[in-house]
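Tertiary structure, described
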Amino acid sequence: MSSPLRRPAPSLRRLAEAVPLLPRGLVTVALFSGLSSLLALVPAIFSIQVYDRVLSSRSGATLLLLLGITLFLVMIWVVLDAARQRILLLLAAALDEGLAPTAGRVLMAGHHGAAKDLATVRHALGGTAMVALFDAPWLPVILLALGLLHPVLGALATVGVAGALALMLLQDSRQRQ
């Protein structure tokens, strides 16, 4: 007898059958998010290298080399972000296409919220909230890496994240009132 943890829930299995690209697409987006998050460190590394190596040696060749490498990595970062967003939009469209017949049957049965629910899921999957959800687990790694690059930079980033989190929680509490 197999463990219930090993088998997906029936609704998740039906979702994977309706949209066969969904699991593989989400894994790809997760990998792209990890790479994108690591590439977010490139500008910080560039500025530290400029201050440590270029300004002390006054080497224009070093500056050009660092600038070229940085621009190349930033271009990869931009392409990964665009590809990640495009994959999420394609997954949202595939989800809509795969579940539309089921939603239509449910709608015909008198449950009028099905089409709205499907549209909500499609917009959530293709929106920026999903990107933030995939980026969130990488935040501690980025903060740790920034702290290892330079303690002041790590502390500043941590204070900035804490401030943004505090503002987000404050806004959320005010909206609930």
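In case you missed it, the structure is sitting above this.
The text that follows walks through the structure, step by step, so that each part is easy to find. Fair warning: this is a prediction, and the values are worked out from it, not measured in the lab.

Helices and strands together make up the secondary structure of the protein chain, namely 8 helices and 0 strands. The helix and strand sequence of the protein chain, counted from the amino end, reads α-α-α-α-α-α-α-α. By residue count, 22% of the 177 residues in the protein chain fall in the buried class. Long-range contacts, defined as pairs at least 24 residues apart, comprise 73% of the intrachain contacts of the protein chain with a sequence gap of at least 6. Within the structure as shown, the protein chain displays about 12,300 Å² of accessible surface, and the carbon and sulfur contribution to it stands at 71%.

Spanning 18 residues, helix H2 (residues 22-39) covers 25 Å between terminal C-alpha atoms, matching the ideal 26 Å at 1.5 Å per step. Of the residues making up H2, those classed as buried are Leu22, Gly25, Val29, Ser33, Gly34, Ser36, Ser37 and Leu39.

With respect to the secondary-structure elements, Ser36 resides in helix H2. Using a relative accessible area of 4% as the deciding quantity, one classes Ser36 as buried. Excluding anything up to four places from it in sequence, Ser36 contacts Trp77, Leu80, Asp81 and Arg84.

Attention now moves to the pattern of salt bridges. Under the criterion given, the structure shown has 3 salt bridges. With a closest N to O distance of 2.6 Å, Asp135 and Arg84 form a salt bridge. One end of the pair, Asp135, is in helix H6 (residues 128-135); the other, Arg84, is in helix H4 (residues 60-108), and 51 residues separate them in sequence. A salt bridge links Arg176 to Asp172; the nearest nitrogen and oxygen atoms lie 3.0 Å apart. Residue Arg176 and its partner Asp172 are located together in helix H8 (residues 151-176), separated by 4 residues, close to a single helical turn.

Another aspect to go through is the layout of surface pockets. The volume enclosed by the second largest pocket comes to roughly 270 Å³. Every residue lining the second largest pocket is counted, 17 residues in all, and those nearest its centre are Ser37, Ala40, Asp135, Leu139 and Ile142. Put simply, the parts of the chain that give the lining of the second largest pocket at least two residues each are H2, H4, H6 and helix H7 (139-149). The element that contributes the greatest number of residues to the lining of the second largest pocket is H7, accounting for 4 residues. Here the residues of the lining of the second largest pocket sort into 11 nonpolar, 3 polar and 3 charged.

Before going further, it helps to examine the side chain of Ser33. Mapping Ser33 onto the fold places it in helix H2. The class for Ser33 is buried, based on a relative accessible area of 0%. In contact with Ser33, not counting residues within four places along its chain, are Arg84, Phe134, Asp135 and Trp138.

In this fold, Phe32 is placed in helix H2. Using a relative accessible area of 21% as the deciding quantity, one classes Phe32 as partly exposed. Beyond its immediate chain neighbours, meaning those up to four positions away, Phe32 contacts Leu80, Ala83, Arg84 and Ile87.

The next thing to look at is H6. When H6 is considered as a whole, its buried residues turn out to be Met130, Val131 and Phe134. Along the axis of H6, the buried residues cluster in a sector spanning 100 degrees; they form a single face. Of the exposed residues in H6, those oriented more than 90 degrees away from the buried face are Thr128, Ala129 and Leu133.

Rules of the game
Residues numbered from 1 in each chain as written. Predicted model: local features only at pLDDT ≥ 70, side-chain atom pairs only at ≥ 80, totals over all residues. Heavy atoms only, no water. Helix = DSSP H or I, 4+ residues; strand = E, 2+ residues; numbered from the N terminus. Buried < 20%, exposed > 50% of the residue type's maximum accessible area, 1.4 Å probe, protein only. Contact = heavy atoms within 4.5 Å. Areas by Shrake-Rupley, 256 points an atom, 1.4 Å probe, with all protein chains shown as cover. Expected span 1.5 Å × (residues − 1). Salt bridge = Lys/Arg side-chain N within 4 Å of Asp/Glu carboxyl O. 1 Å grid on protein atoms, 1.4 Å probe; cavity = no way out; pocket = protein on both sides within 12 Å on 5 of 7 lines; lining within 4 Å. Points joined across faces, edges and corners; volume = space filled by probe spheres on them. Nonpolar A, V, L, I, M, F, W, Y, C, P; charged D, E, K, R; others polar. Arc of directions from axis to C-beta.

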